[in-house]
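Spelled out from the first residue to the last, the chains are:
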2 protein chains.
Amino acid sequence: MLTLTTLTDPAFCPHSLNKYASVMACGNGYLGVRAAHEEDYTGQTRGMYLAGVYHRAGRHDTNELVNLPDVMAVGLQLDGENFTLLAGEILSWQRELRFASGELCRHVIWRSASGARFCIESRRFVSLDQLPVLAQQFSVTPLDAPAQISLTTGIDATQTNSGRQHLDEVSVRVYGEQSLQGIYETQDQSTEVVISASCQFSLPGERCFTAKNRRLSCHHALTVAQGQTVTLEKIVRVAHRHEQAISPATFAKNAMNALQTCAVLGYEKLLEETTRAWQKRWDTSRVAVSADDPQDQVALDYAVWHLHAMTPEHDERCSIAAKGLTGEGYKGHVFWDTEIFLLPFHLFTRPQVARSLLRYRWLNLPGAREKARRNGWPGALFPWESAASGDEETPEFAAINIRTGLRQKVASALAEHHIVADIAWAVVAYWQATHDDDFMRKEGLTLLIETAMFWTGRATEVEGRLEIHDVIGPDEYTEHVNNNAYTNYMAWHNVAHALTFMQKFNRQDASFTRAASDFLQRLWLPPADAQGVIPQDDTFLSKPVIDLSRYKAHAGKQTVLLDYSRAEVNAMQILKQADVVMLTYLLPAHFTRQQCQANLAFYEPRTIHDSSLSKVIHGIVAARCGDTTRAYDFWRSGASIDLGDDPHSSDDGIHAAATGAIWSGVIQGFAGLDIIDGELQLSPALPVQWQRLSFPLRWRDAQLTLVIEHDAVTINTTSSVALQLWGLSVMATGQQTWWRKDFSLPDSGTATTATEGKP
Amino acid sequence: MLTLTTLTDPAFCPHSLNKYASVMACGNGYLGVRAAHEEDYTGQTRGMYLAGVYHRAGRHDTNELVNLPDVMAVGLQLDGENFTLLAGEILSWQRELRFASGELCRHVIWRSASGARFCIESRRFVSLDQLPVLAQQFSVTPLDAPAQISLTTGIDATQTNSGRQHLDEVSVRVYGEQSLQGIYETQDQSTEVVISASCQFSLPGERCFTAKNRRLSCHHALTVAQGQTVTLEKIVRVAHRHEQAISPATFAKNAMNALQTCAVLGYEKLLEETTRAWQKRWDTSRVAVSADDPQDQVALDYAVWHLHAMTPEHDERCSIAAKGLTGEGYKGHVFWDTEIFLLPFHLFTRPQVARSLLRYRWLNLPGAREKARRNGWPGALFPWESAASGDEETPEFAAINIRTGLRQKVASALAEHHIVADIAWAVVAYWQATHDDDFMRKEGLTLLIETAMFWTGRATEVEGRLEIHDVIGPDEYTEHVNNNAYTNYMAWHNVAHALTFMQKFNRQDASFTRAASDFLQRLWLPPADAQGVIPQDDTFLSKPVIDLSRYKAHAGKQTVLLDYSRAEVNAMQILKQADVVMLTYLLPAHFTRQQCQANLAFYEPRTIHDSSLSKVIHGIVAARCGDTTRAYDFWRSGASIDLGDDPHSSDDGIHAAATGAIWSGVIQGFAGLDIIDGELQLSPALPVQWQRLSFPLRWRDAQLTLVIEHDAVTINTTSSVALQLWGLSVMATGQQTWWRKDFSLPDSGTATTATEGKP
């Protein structure tokens, strides 16, 4: 295995504070902590979040991931002056997130305005070994003369989500000479959060504690000799409880006892333990690449690291927020991103996590059924945005309409129904990758049937055929259309698999079977034209086309909405993101390579890529179509969504789905991995900039390691696996190498439709 | 009249940001706006408050003055860099609050890190002519080269009270090309706040509006030529409604229409109007002094300016918060400060304001009756801390106990009952100064009787005499004592005047009269010992004495609580503030000059002056005792509470009561003004550092102007006034001068007790 990379923050810059606070955030799926600097800066957003801890702060708001009291801030006074990197001079700077351990380190040598130099070091990590634990070290060394140093740290409950306060302070107190505890509860009293912190200083000083205005603080002041170092070691435990199984007092006491045990272990020992835990994760998921540009490896490590850090695999009542646990964007809500962009990584590395994510949807079926019922439809209509309960959490309003001055209503919750079929797609993909009959018999089949029932009721009969009206596809710049190709094909796939698996598992429901069969017979699936282009919806092709180059140059920023209202955008051939291209990505067996190429060629010029979900999907489809050069360009673009030069790209959190897409772009794109007819397929084709690609892969009972080079594929497997390699059936056993020259290119002109039936 | 002074912020300093944000806050009694800089700084607290707009944010909180959405922030980017005075170099600096107009002005010439110089000017005021209006100008001039300038301003509802959010965002929208409106309501839906803002720019630019995360913003970007100035003129209207008399839509529309009218007038015209309104205020209240140190005049202008700016005379449902409208300290609650420290100023300048403040208590009688009833007492027990309703608002917990690590309970609400007698004292003082029989017959007498009834029930019989047990006097370092001298004497005064005025206004209540007479007969009034010292309470004199010098050196910071727990402090002769001295100040007719001197001499060494209410009261008593030198020292100390060197003295707001005390220290101290037996008394004695003192004075129907010099007093009056001057009766008519040499010193050995009866 190659040495794991680090992600570096190249220089202190006020503009990019929040970008790096997001991309370098620490996390373990339970707890996420933004990489805000210890000292405060204007506009720097601190953030600490617990997966699944949501709350609705006001009548006009929705539930959002609660920004918890801050524990990472350290106020530092050096000879009476507040330390800030905005003043003085930075003589040396190093800041990095170490993927091997998840440790965030900063090393600064700084000269104050009055000329004295200081070395200021900080380290922190969130433990992967003990999920509620985070640890911090903060050290100061005066380099030129003794200095008066004052350090303030504690638990600061003045934190809000952009001014929305979710927590009431129940009590704060101090234990002994070094421990603090704050107990908070959500204002609806549903969740209690207990934060316990131990603060040890390496040198004695004048110590006091204050509790004022929601801030519980420990102050430590001392004189430090030249060359001497004072270090604050802070160990924090963040616990929460929804249930009332144990009393609040016992819960708080247990938390304090557990903290003491960790504090005795200390930072270095806790770091060792978390590094070991990360090592195990990397063993099952590291994607290693030999590339001309070493940043490609960083992007892959970045993606895989965050794919672990954002995923609440400890608790199936939670799923993955659109920004993971790194920020407040989209209020911590769960979208189709989870099933479509993030699930594949887990399916092929640790499928039990994919199962947990699907169980989240299953647990939230009551809310989805209720939403369908309220709208007069059968089955389950999953919310477009989901939090803890499965209720619809999409905010009512978004940006200002540039014409009317009024805020625009968000239509997604009303019409972006493809999420129902997306979840069904994920259930099928999970079973195909795992053959987990136990899951399919219970949760999986129920999800498939409930979602399929929704579609049978959602369709409208028009002159004998069934149509799906008034929807929004993945392309949100085109609203309230009829027969969106993505939606109709995915709905068909949903209903077809519900029937298939009912048959397989002997589930009887004559009335549903009748309705479903009729739906499959009569649903209108917009066919490709002679060139292979599938119309995005009934009216799209009749709309005018405009030159999008100036908007494409600022992809991701939605600059088109500064010139046009949403209604105006809707009236033109303008795509926010892949729509038909997305469809060809998800259901490759339904479309010929020529059709995939045709739709890519037709729709891409009409796509601004204002969604972070767009480019990498284009890249995978391009790779499958054999255009590895273009695929690599798209992949690099996708990787630069968070890691590129834009200082504000990720202010309110990383693009979680984009990290999944970085992985998918490589594994499903360049390695050409797919499952067709329940069989593993590989069609590797590396970009010329890469020499070697290797990665572990979980496939049912086997653990594989794949090494892909331009001229060969080497597979090492723990048990025999039958697969298609470059279109030919091979059997992998032990370690074996196949040479590219021994394979001819697969036929690109036919689609495998036999088992899928119509279309 | 002398030219009005200005208050200056001598230099930009990160440590004193919040001090100057408080002392230079703009206000008009309706609206207060902290003098935060337009650009953000870490730790700088922005604040805008409407008198009487309180809300309780959480189950464990109390009602607090709501920090409203911010409208004063202007984000400035100069050639792509965020403007901050922490970086670059300040070449020229001027910042002042102009008392003549209430205008806050800043003029900065600043060199960026890259070397380009800019002139950045800002001005703002809160209108005294149109209470809901505030106006701002913000100008930028590149001095060395053309510059890319980007300005962002708007309505920012991410503001909180130390993380507590009170407002839900109901709607935000943009009108035309320059106006914004945000509608908010308290989370309990009791109050709606409508903020409307017009933003005009003097040069065209690229403009857009955004609404995200509770921020409604206007962005304006342009290139400005060298020497050219771009100016933002922002006119804001802050309206609120508790009643439902008009519909929300109409209310919002009216607010926008009213804003447009103001925007058309423009900054300069609105400033003219407010200056005229201030001129009228100064005419009735300016205290002018010729002093060795010109800062004495600044202190007086500061005090009088804030005494107007903090007082909600437009609405008798509000009173004066402990920090006025300048910050969130004490959560905007109303204490005895209003009646004891602030009322005298209004009594002798604009007595209708004093009446309005007393009507606030009268309107809140139901809450006070309820508090008494819940505790098993008759009459009215006013809350120690009061907000909009008259309910008790004292928080349950204060600072951390240094011994146990637990937060300490606040005992004031349970036992600091002297506020009941303080309000009665103010009612009597108001009538004495105004002879407003109409008020006394209705509100005044009811207040006197209800408060007196409380005391008759509150007293405990011990061996035939009545005692008042388990109270806290003004000295909060001595808790839960029996027969606190201040409380007992003031209660006696309360009951005595209830009877007197009942008689005067023929109010009959045999049962109350009997109880009250018995109370006056039997209440234990701790007598002075041979030296004249009155024991503060039953046990005080038996407690040990410690050396307080190190705590006195940090008066106001409560440093004693860093060494001792409250229980330990309670067990020693340690005073937070004047207690018996306070009593001799309020009831001068009850005590001989020798007794006043004796108590001052005995208690002052035992007093840390940790309360801002302490020093000036000592000063007034010292002045009355003839020690003008010491009185001047105390007065200067009192004036430096807000205006001294401590950069954090006023972070969470000015000390409202201390401004009243600055005025009282001069008028009641150096001018020796008092009312004894309903007669105006003057015993002027200027400190040697002053040459001349002049001030307007309202006395019943007459408007007087007094000019005091060391050797003479000149009075100019609109109608004849009988008064005691240096102990002799004189009659002032028209303009007249009296010479000091013509008076002998008044007898200092006897107290005027005749009409007061016992004691």
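Criteria and cut-off values
- Residues numbered from 1 in each chain as written.
- Chains lettered and ligands numbered in written order.
- Predicted model: local features only at pLDDT ≥ 70, side-chain atom pairs only at ≥ 80, totals over all residues.
- Heavy atoms only, no water.
- Least-squares fit on C-alpha atoms with pLDDT ≥ 70 in both.
- Contact = heavy atoms within 4.5 Å.
- UniProt positions renumbered as here; feature names shortened; annotations may be inferred.
- Helix = DSSP H or I, 4+ residues; strand = E, 2+ residues; numbered from the N terminus.
- Axes fitted to C-alpha atoms, helices over the stretch in contact; angles between N-to-C directions.
- Parallel < 35°, antiparallel > 145°, perpendicular 65-115°, else oblique.
- Left-handed = near helix turned anticlockwise from the far one by under 90°.
- Nonpolar A, V, L, I, M, F, W, Y, C, P; charged D, E, K, R; others polar.
- Salt bridge = Lys/Arg side-chain N within 4 Å of Asp/Glu carboxyl O.
- Polar contact = N/O pair within 3.5 Å; in protein donor to acceptor, adjacent residues only side chain to side chain.
- 1 Å grid on protein atoms, 1.4 Å probe; cavity = no way out; pocket = protein on both sides within 12 Å on 5 of 7 lines; lining within 4 Å.
- Points joined across faces, edges and corners; volume = space filled by probe spheres on them.
- Domains from an automatic or database assignment.
- Buried < 20%, exposed > 50% of the residue type's maximum accessible area, 1.4 Å probe, protein only.
- Pairing = 2+ DSSP bridges.

A. Focus on the relation of the copies chain B and chain A. Aligned on chain A, chain B shows an RMSD of 0.1 Å; the corresponding rotation is 180° and the shift along the axis is 0.0 Å. Classification of the inter-copy transformation places it as that of a two-fold axis. Taken as a fraction of all interface residues of chain B, those also at the interface in chain A reach 100%, which identifies the copy contact as same-surface.

B. Looking closely at the UniProt feature "domain: Glycoside hydrolase family 65 N-terminal" (unreviewed entry) in chain A. Per the UniProt entry, the sites bearing "domain: Glycoside hydrolase family 65 N-terminal" (unreviewed entry) are residues 12-239 of chain A in this numbering. Segment residues 12-239 of chain A splits into 3% helix and 54% strand. End C-alpha atoms: 33 Å apart.

C. Region of interest: the packing of helix 5 (residues 337-347) of chain A against helix 20 (residues 656-670) of chain A. All names here are of chain A. Where helix 5 meets helix 20, the closest approach of the two axes is 8 Å, and the angle between their N-to-C directions is 50°. By the angle class used here, helix 5 and helix 20 are oblique. Remark: the crossing between helix 5 and helix 20 carries left-handed chirality. Contact with helix 5, carried on its side by Asp 337, Phe 341, Leu 342, Pro 344 and Phe 345, involves Ala 656, Ala 657, Thr 659, Gly 660, Ala 661, Trp 663, Ser 664 and Gln 668 of helix 20 and no other residues of that element. Considered class by class, the residues forming the contact of helix 5 with helix 20 number eight nonpolar, four polar and one charged.

D. How the structure looks around the interface of chain B and chain A. Of the residues lining the interface, 45 residues belong to chain B; the matching set on chain A comes to 45 residues. Inspection of the region where chain B meets chain A yields six salt bridges. Between Glu 185 of chain A and Arg 59 of chain B there is a salt bridge whose closest N-O contact spans 2.2 Å. Joining chain B to chain A, the criterion identifies 25 residue pairs in polar contact (both at pLDDT 80 or more).

E. Summary view of empty space enclosed by the protein. Residue and element names in this part refer to chain B. In the structure shown here, the tally under the stated rule is ten cavities of 30 Å³ or more. If you add up the space inside the largest cavity, you get close to 360 Å³. Considering the residues around the largest cavity, the lining is formed by 24 residues, among which Trp 425, Gln 432, Leu 586, Asp 674 and Ile 675 are closest to the centre. Those elements that place two or more of their residues in the lining of the largest cavity are helix 5 (337-347), helix 9 (418-434), helix 11 (485-504), helix 16 (580-586) and strand 25 (674-676). Grouping the constituent residues of the lining of the largest cavity by class yields 15 nonpolar, five polar and four charged. Considered as a void within the structure, the second largest cavity measures approximately 70 Å³ in volume. Looking at the second largest cavity, it is lined by 14 residues, and the ones nearest its centre are Ala 51, Gly 52, Tyr 54, Ser 319 and Ala 321. Taken together, the residues of the lining of the second largest cavity break down into ten nonpolar, four polar and no charged. The residue makeup of the lining of the second largest cavity includes at least three contributed by each of domain 1 (6-285) and domain 2 (292-660).

F. Quick peek at the UniProt feature "binding site: substrate" (unreviewed entry) in chain A. Residues and elements named next belong to chain A. Taking the UniProt record as the reference, the feature "binding site: substrate" (unreviewed entry) is found at Trp 336, Asp 337, Lys 576 and Gln 577. Mapping Trp 336 onto the fold places it in the loop between helix 4 (295-309) and helix 5. Given a relative accessible area of 2%, Trp 336 falls into the buried group. Non-local contacts of Trp 336, meaning those with residues more than four positions away in its chain, are made with Phe 341, Arg 361, Trp 384, His 418, Ile 419, Asp 422, Pro 474, Tyr 486, Gln 577, Met 582 and Leu 613. Mapped onto the secondary structure, Gln 577 falls in the loop between helix 15 (566-570) and helix 16 (580-586). When sequence neighbours within four positions are dropped, the list of residues in contact with Gln 577 reads Trp 336, Pro 474, Asp 475, Thr 607, Ser 611, Leu 613 and Ser 614.

G. View of the pairing of strand 18 (residues 215-224) of chain A. All names here are of chain A. Sheet analysis places strand 13 (residues 147-156) next to strand 18, joined by ten bridges and oriented antiparallel. Of the residues in strand 18, the one forming a bridge with Asp 156 is Arg 215. Across seven bridges, strand 17 (residues 206-212) lies against strand 18 in antiparallel orientation. From the neighbouring strand, Arg 207 faces strand 18, where its bridge partner is His 220. Remark: two residues form the turn of the hairpin made by strand 17 and strand 18, two consecutive strands paired antiparallel; Asn 213 in that turn has positive phi of roughly 45°.

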